[in-house]
Amino acid sequence: MRTRLPLFRRAFFDTWRSTLAWAAGLAAAAFLYLPLYPSIGGSAQMQDMINALPAEMTKALNYDQIATGPGYTQATLFGLIGFLLMTIASVAWGAAAVGGDEESGQLELTLAHGVRRVQVVLERALALLLRVLVLAGLVFVLVSLLNGPSRLGIEPGNLFGATVLFAGLALLSGTAALCVGTITGRRIHGIFAGAAVGVLGYVFNAVGRQSQDVEWLLDLSPYHWAYSNSPVANGADWAAAGWLWGIAAALVVLAAVALERRDVGA
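Residues numbered from 1 in each chain as written. Predicted model: local features only at pLDDT ≥ 70, side-chain atom pairs only at ≥ 80, totals over all residues. Heavy atoms only, no water.

Okay, the environment of N234 next. Examined against the element boundaries, N234 turns out to sit in helix α12 (residues 231-234). In this structure, the C-alpha to C-alpha distance between N234 and N158, residues 76 residues apart in sequence, is 6.5 Å. A polar atom in the side chain of N234 sits 2.9 Å from the backbone oxygen of N229. (Helix = DSSP H or I, 4+ residues; strand = E, 2+ residues; numbered from the N terminus. Polar contact = N/O pair within 3.5 Å; in protein donor to acceptor, adjacent residues only side chain to side chain.)

Shown next as structure tokens:
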């Protein structure tokens with residue numbers, strides 16, 4: 001009997017060590033940052049430190065929010081170290097999904113076994129999606145567990161919405177890497193594309209918040225789409241979530257069409 005989703009199963013289970021390593025990194029970040037909040041959050045010393053920083057730096061790092069538990073969690077975990085780790089992981093997986101296989105010659109071997117090209121892209125994208133969801137789900141569980149002991153005061157519904165946006169933001173970078181890696185047949189091109197989505201999104205958000213003259217940059221920033229509403233504190237902007245997830249899906253479709261229409265290994 002034929003195995004269902006064979007490419008997905010191999011892509012997902014063959015990389016369990018990588019998934020476990022990124023999960024450990026996210027867990028370390030959560031346990032490092034969040035328990036510190038009771039000793040520093042909301043204190044006069046913390047407010048004095050924030051006031052002492054240049055206003056531009058405070059806005060760029062989202063430190064204008066860290067006087068509250070939800071704002072602190074948003075700025076440190078979801079908006080900085082967690083965002084960085086999730087983006088790197090997603091981009092690495094996305095770039096390797098098709099572009100990496102083509103560079104190594106594995107893609108031609110896979111297609112020689114009668115596997116459809118669209119199937120390759122869709123099953124590899126599904127593996128990417130599940131790995132991102134596993135990591136995002138872990139963050140949701142860890143923040144939920146630390147919420148009470150760390151006195152963060154985060155509403156469960158807001159945390160869920162923030163996690164959906166967190167996953168969508170990472171997935172957008174990952175699918176950009178998958179799409180460009182598939183179109184070009186080069187893993188490094190996919191890495192550049194995925195990294196550009198993540199890095200430029202963060203930079204455009206930081207710069208766009210500095211002055212009304214450059215506020216238009218915020219419209220180009222997926223990071224801003226996800227976090228402008230401070231979802232950990234105020235709940236998710238579900239329209240923004242729809243854009244993140246919808247564009248990610250469109251990039252997968254584009255990758256599938258591109259692989260169907262071009263020569264492999266050329």
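Our next topic: the pattern of salt bridges. Under the defined criterion, the tally for this structure stands at 2 salt bridges. Note that D14 and R10 form a salt bridge whose closest N and O atoms lie 3.2 Å from each other. Among the residues examined, D14 registers a relative accessible area of 53% and is labelled exposed. Residue R124 pairs with D101 through a salt bridge whose shortest N-O separation is 2.9 Å. Here the residue R124 occupies a position in helix α8 (residues 117-147), and D101 occupies one in helix α6 (residues 69-104), the gap between them amounting to 23 residues. The exposure class of D101 is buried, given its relative accessible area of 17%. (Salt bridge = Lys/Arg side-chain N within 4 Å of Asp/Glu carboxyl O. Buried < 20%, exposed > 50% of the residue type's maximum accessible area, 1.4 Å probe, protein only.)

Turning our eyes to something else, we now look at the packing of α8 against helix α9 (residues 156-184). Between α8 and α9, the shortest axis-to-axis distance is 9 Å and the interhelical angle comes to 150 degrees. Accordingly, the angle class assigned to the pair α8 and α9 is roughly antiparallel. As α8 runs across α9, the sense of the crossing is right-handed. Between α8 and α9, the residues in contact are V121, A125, L128, L129, V132, A136, V139, F140, V143 and S144 and P156, L159, F160, T163, F166, A167, A170, L171, G174, T175, L178 and T182, respectively. Tallied by class, residues from the contact of α8 with α9 come to 17 nonpolar, 5 polar and no charged. (Axes fitted to C-alpha atoms, helices over the stretch in contact; angles between N-to-C directions. Parallel < 35°, antiparallel > 145°, perpendicular 65-115°, else oblique. Left-handed = near helix turned anticlockwise from the far one by under 90°. Contact = heavy atoms within 4.5 Å. Nonpolar A, V, L, I, M, F, W, Y, C, P; charged D, E, K, R; others polar.)

The subject of this paragraph is the packing of aromatic side chains. Evaluation of the coordinates by the stated rule reveals 10 aromatic pairs. Aromatic side chains Y37 and Y72 sit 5.4 Å apart centroid to centroid with 45 degrees between the ring planes, which places their arrangement in the tilted category. Here Y37 is found in helix α3 (residues 37-40), whereas its partner Y72 is found in helix α6, with 35 residues between them in sequence. Note on Y37: relative accessible area 10%, which makes it buried. Considering the side-chain rings of F160 and W238, the 6.4 Å spacing of their centres and the 40 degrees angle between planes classify their relative orientation as tilted. On the criterion of sequence distance, the pair formed by F160 in helix α9 and W238 in helix α13 (residues 238-261) is long-range, its members being 78 residues apart. Looking at W238, the relative accessible area reads 47%, which means it is partly exposed. Cluster of aromatic residues (ring-pair linked, three or more members): F83, Y202, Y223 and Y227. (Phe/Tyr/Trp six-rings, centres within 6.5 Å; stacked < 30°, edge-to-face > 60°.)

This paragraph deals with the nonpolar core. Grouped together as the largest cluster of nonpolar side chains are 65 residues, with contacts concentrated most on L34, F78, M86, V120, V121 and V143. In terms of residue count, α9 provides more of this core than any other element does, 13 residues in total. Those residues within four positions of V120 in sequence are excluded, and the remaining contacts are L7, V98, L107, T110, L111, V115 and L259. (Core = buried A, V, L, I, M, F, W, Y, C linked by side-chain atoms within 4.5 Å.)

Right, let's talk about helix α1 (residues 6-13) for a bit. Turning to α1, its buried residues are L7, F8, A11 and F12. In a view along the axis of α1, the buried residues occupy a sector of 120 degrees, so they form one face of it. (Arc of directions from axis to C-beta.)

Just distances and angles here, no functional claims.
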